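Take a look at the letters that make up each chain.
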Amino acid sequence: MAFDRQPELKGVLIELRPLRADDFDALFAAGSDPLIWEQHPAKTRYERDEFTKFFNDALGSGGALVALDAKDGTVIGSSRYYGYDEANSEVEIGWTFLARSHWGGKYNGEMKQLMLAHAFKFVRNVVFLIGPQNIRSQKAVGKIGGIQIANRLNSLGADCVVYRITDPAAIS
């Protein structure tokens, strides 16, 4: 069965659906806060030109999801599946951000749990590649069970800390 990198996923707090070109304005509004990107290697992603590159890369990836607040359908962020490796039964979840109005763990935790549950239908391992200075994201991935396993370069050649979560069903 082929890995579906753009599912529709629904939780109590958040809904995820495939990113579309017409999501740009709403997603840019959610991501135009400099504090979102302060620990990220792309610190100026809140600027329109930088965000446009990010958005176009997301659309081109074939794995990007837009995050909606389940209460009112407001666009609050995005994430994506990337680097599916069938031979190693692994996929990456990354490029995640949420508007600061939705920080604090509950929304991010539910988004990651929805994405993990979907991924584990296809793979045994999910990895997260996080910039070494992005302590906030490292802590967030640790809260959902991520274990730091290595450092490696990401697809852009930047050094990253690698966290992994293995499907609990694959362990037993």
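In case you missed it, the structure is sitting above this.
All figures in this text were calculated on a predicted structure; none of them were measured in a lab.

Peer 1: Please set out unusual backbone geometry residue by residue, giving values where relevant.
Peer 2: Backbone geometry at serine 89 places phi at a positive 50 degrees, although glycine is not the residue there. Note that serine 89 resides in the loop between strand 4 (75-85) and strand 5 (90-98). The backbone phi angle of tryptophan 95 is positive, close to 55 degrees, even though this residue is not glycine. Among the secondary structure elements, tryptophan 95 is positioned in strand 5.

Peer 1: Can you break down the packing of aromatic side chains residue by residue, with the values?
Peer 2: Throughout the structure, instances matching the rule amount to 13 aromatic pairs. Ring centres of phenylalanine 24 and phenylalanine 55 lie 5.1 Å apart, and the angle between their planes is 90 degrees; this geometry places the pair in the edge-to-face category. With phenylalanine 24 in helix 1 (residues 24-31) and phenylalanine 55 in helix 2 (residues 48-61), this residue pair connects regions lying 31 residues apart in the sequence. Taking the centre distance of 5.4 Å and the plane angle of 55 degrees together, the rings of phenylalanine 51 and phenylalanine 54 count as tilted. On the criterion of helical spacing, the pair formed by phenylalanine 51 and phenylalanine 54 is a turn pair, its members being 3 residues apart in helix 2. Residues phenylalanine 51 and phenylalanine 54 agree in their burial class; the two are buried. Aromatic ring contacts, followed pair by pair, group Phe24, Phe28, Trp37, Phe51, Phe54, Phe55 and Phe97 into a single cluster. Positioned over the ring face of phenylalanine 28 is arginine 48, at 5.2 Å from the centre of the ring.

Peer 1: Let's hear about the nonpolar core: which residues, and what values?
Peer 2: In terms of nonpolar packing, the biggest core is built from 28 residues, with Leu16, Tyr81, Met115, Leu116, Val126 and Phe128 touching the most fellow members. Of all the secondary-structure elements, those providing two or more residues to this core are strand 2 (14-18), strand 3 (64-69), strand 4, strand 5, helix 3 (106-119), strand 6 (125-130) and strand 8 (159-166). Element by element, the count of residues in this core is highest for helix 3, at 6 residues.

Peer 1: So what about the sheet that holds strand 6? Which residues, and what values?
Peer 2: In space, the 8 strands of this open sheet follow the order 1-2-3-4-5-6-8-7, with mixed pairing throughout. Here the strands that pair on one side only, and so sit at the sheet edges, are strand 1 (9-10) and strand 7 (147-153). Bridge count for strand 2 against strand 3 is 5 bridges, and the pairing is antiparallel. Paired with leucine 16 across the strands is alanine 67, a residue of strand 3. Running at roughly 160 degrees to strand 5, helix 3 makes contact with strand 1, strand 2, strand 3, strand 4, strand 5, strand 6 and strand 8 of the sheet. The strands touched by helix 4 (residues 135-143) are strand 6 and strand 8; relative to strand 6, the strand with the most contacts, the crossing angle is about 160 degrees.

The rules behind each value
Just so you know, the residues in each chain are numbered from 1, in the order the chain's sequence is written. Whole-chain, interface and lining totals are the exception, using all residues; otherwise, since this is a predicted model, local features are given only for residues with pLDDT of at least 70 and side-chain atom pairs are given and counted only at 80 or more. With hydrogens and water set aside, each side-chain value is computed from the structure's full complement of heavy atoms. A run of DSSP states H or I qualifies as a helix once it reaches four residues; a run of E qualifies as a strand once it reaches two. Both are numbered from the N-terminal end. Two aromatic rings, drawn from Phe, Tyr or Trp (for Trp, its six-membered ring), form a pair once their centres lie within 6.5 Å of each other, and the interplanar angle then sorts them: stacked below 30 degrees, edge-to-face above 60, tilted otherwise. Accessibility here uses a 1.4 Å probe with only protein chains present; expressed as a share of the type maximum, an area under 20% marks a residue as buried, one over 50% as exposed, and anything in between as partly exposed. To sit over a ring, a charge needs its Lys NZ or Arg CZ within 6 Å of the ring centre and within 35 degrees of the ring normal. What we call a nonpolar core is a set of buried Ala, Val, Leu, Ile, Met, Phe, Trp, Tyr and Cys residues that are connected through their side-chain atoms within 4.5 Å. Note on pairing: two strands pair once DSSP finds at least 2 bridges between them. Working rule for contacts: check all heavy atoms of both residues, and any pair within 4.5 Å makes them a contact. Each axis is a line fitted through C-alpha atoms, and for a helix only the stretch in contact is used; angles between axes span 0 to 180 degrees, taken between their N-to-C directions.

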